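Given next are the chains, with one letter for each unit.
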Amino acid sequence: VPAATQLLADLGAEVIKVEPVDGDRTRHLLGAGAGFFPMFNRNKKSVALDLRHPQGLEVALRLAGTADVVLQNFKPGVMARLGLGYAALSQVNPGLVYVNHTGFLPGPYEHRTALDEVVQMMGGLAYMTGRPGDPLRAGTSVNDIMGGMFGAMGAMAALAQREKTGLGQEVQSALFENNVFLIAQHMMQYAVTGKPAAPMPARISAWAIYDVFEVKDGEQIFLAVVSDGAWREFCDAFNLAELHGDPRLGSNNDRVQARSWLMPLLREKMAAYSAAQIAQVFEEKGLPFAPIVRPHDLLDDPHLNATGALAPIQLPDGRESKTVLLPLTLDGKHLEVRLSPPKLGEHSLEILTALGYS
């Protein structure tokens, strides 16, 4: 839900975040979770409600009656027990679009508690990311974020249909099914070839040179040479005429077959150059390359700063920072930050007054 509602908020929706009176638990996460709340709660208003109290529940019901979309991610059955499920709310608001974010779509697994890492493990992603025998979660909350994207997409599709029918509907987006969608290409690889997909670090690469190289002064750089024309350019630039003329290396597929002896040789040759020297040549030749960048370095990335992909924001503790905007533009413009992440209950008075409370 945080990612789905952030997407809708950035796209211009008025998003009201209903929090418990002690606050969204992601406000207080440490370590790897510390960036979650400030990233996914911009452009939202906060109202704090105790849904176990009759008056708090009444406010939630009244609020849902005014909404185009309600999104929730409680465990299955919780909202229905509170009288806030789709069946109840659609009776009073027939145009309501109701989005459930769950661990699993209805079925044998729906009773289980899901977390991003849980579904990465059981959905094949950790197996594909890690080395053989060493399953490894992806380096970000891919299912929480992408599951939210599908929830937002479903909500917008349902709103488009409502324009024709006048009626809302229930939308469901689930972490496990999202994860399976992410690794579906590997499932289909098996369907096509009859051979199980190998984890990415152990795969037989489709490309001969598609690797991280350790170069001068211990620096690292990722280099890709994926076509025969690129191979010629690469050999010319780094004085490797003997390799370009080797009949065993005539095509990309030939070079893939030769990786066992070709890659140690190339690693030795490239170690004589600095990462900056190699990057300059690859950029001039239009060849794909990448420095190995840490997330916090991206706050100072010249491209992101020049293109407006980063925007100022106020953190919940009052400090100023930059945040990452949606990776799209509309009419050539990024979607801006209208509201910094809200303080707990910051908009309660405004929202309750609008609902008719004194």
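Below is a summary of the structure that appears in this document. Please read all numbers here as calculations on a predicted model, not as lab measurements.

Thresholds, definitions, all that
Residue indices begin from 1 for each chain and proceed along its sequence in written order. pLDDT decides what is reported in this predicted model: residues at 70 or higher carry local features, side-chain atom pairs at 80 or more are listed and counted, and totals for whole chains, interfaces and linings draw on all residues regardless. The side-chain figures draw on all heavy atoms in the structure; neither hydrogens nor water molecules are used. Helix numbers and strand numbers start at the N terminus; a helix is a DSSP run of H or I with at least 4 residues, a strand a run of E with at least 2. Categorising residues by exposure relies on relative accessible area from a 1.4 Å probe, with only protein chains included: less than 20% of the type maximum marks a residue as buried, more than 50% marks it as exposed, and the intermediate range marks it as partly exposed. Throughout, nonpolar core names a set of buried Ala, Val, Leu, Ile, Met, Phe, Trp, Tyr and Cys residues whose side chains join them through atoms within 4.5 Å. Whether two residues are in contact is decided by their heavy atoms: any pair within 4.5 Å suffices. Summarising the geometry, the arc corresponds to the directions from the helix axis toward the C-beta atoms. Axis lines are fitted through C-alpha atoms, for helices just across the contact stretch, and the angle between N-to-C directions can take any value from 0 to 180 degrees. Orientation categories follow fixed angle ranges, with anything under 35 degrees roughly parallel, anything over 145 roughly antiparallel, 65 to 115 roughly perpendicular, and all other angles oblique. Only Asp, Glu, Lys and Arg are considered charged, only Ala, Val, Leu, Ile, Met, Phe, Trp, Tyr, Cys and Pro nonpolar, and every remaining residue, Gly among them, polar. Only strands that DSSP links by at least two bridges are regarded as paired with each other.

### Notes on unusual backbone geometry
Residues other than glycine seldom take positive phi values, yet asparagine 43 does so here, at roughly 60°. Within the secondary structure layout, asparagine 43 lies in the loop between helix H2 (36–40) and strand S2 (44–48). Despite not being glycine, aspartate 331 has its phi angle at roughly 55°, a positive value. Locating aspartate 331 in the fold gives a position in the loop between strand S11 (329–330) and strand S12 (333–334). Aspartate 331 sits in the exposed class, given a relative accessible area of 78%.

### Here we look at the nonpolar core
If you look at the biggest cluster of nonpolar residues, it comprises 27 residues, and the most contacted ones within it are Ile209, Phe213, Trp231, Phe234 and Leu266. For this core, the secondary-structure elements that each account for two or more residues are strand S6 (209–214), strand S7 (220–225), helix H11 (228–237), helix H14 (259–270) and helix H15 (275–285). Each residue touching phenylalanine 234, except ones within four places of it in the same chain, is listed here: Val225, Leu240, Leu266, Met270, Phe282 and Leu287. Counting residues in hydrophobic clusters, the runner-up holds 17 residues, among them Leu57, Val59, Ile351 and Leu355.

### Here we look at H11
Turning to H11, its buried residues are Ala230, Trp231, Phe234 and Cys235. Taken around the axis of H11, the buried residues stretch over an arc of 130°, which confines them to a single face. Once H11 ends, the next one or two residues include asparagine 239, with phi positive near 55°.

### Thoughts on the packing of helix H9 (residues 175–182) against helix H10 (residues 184–193)
How two helices pack is summed up by the angle between their axes together with the distance between the axes. Between H9 and H10, the shortest axis-to-axis distance is 4 Å and the interhelical angle comes to 55°. Here H9 is positioned oblique relative to H10, judged by the angle of their axes. Where H9 abuts H10, its residues Val180, Phe181 and Leu182 lie against Ala184, Gln185 and Met187. Of the residues in the contact of H9 with H10, the class split is five nonpolar, one polar and no charged.

### A word on the sheet that holds strand S8 (residues 289–291)
Spatially, S6-S7-S8 is the arrangement adopted by the three strands of the open sheet, whose pairing is antiparallel. Two strands close off the open sheet at either side, each with one partner strand: S6 and S8. Strand-to-strand twist across the sheet, computed as the mean angle between neighbouring axes with direction ignored, equals 15°. As judged from the six bridges shared by S6 and S7, these two strands associate in the antiparallel manner. By the bridge assignment for S7, phenylalanine 213 is matched with isoleucine 221. Each of S7 and S8 is contacted by H15, which is oriented at about 25° to S7, the strand it contacts most.

### A few points about the side chain of serine 348
Its place among the elements puts serine 348 in helix H17 (residues 348–354). Using a relative accessible area of 14% as the deciding quantity, one classes serine 348 as buried.

### Things to note about the pairing of strand S10 (residues 320–324)
Looking at chain direction, strand S9 (residues 310–314) and S10 are connected through five bridges and run antiparallel. Within the sheet, the bridge partner assigned to proline 312 lies in S10 and is lysine 322. Linkage of S9 to S10, two consecutive antiparallel strands, is achieved through a turn of five residues, within which glycine 318 is found at a positive phi near 100°.

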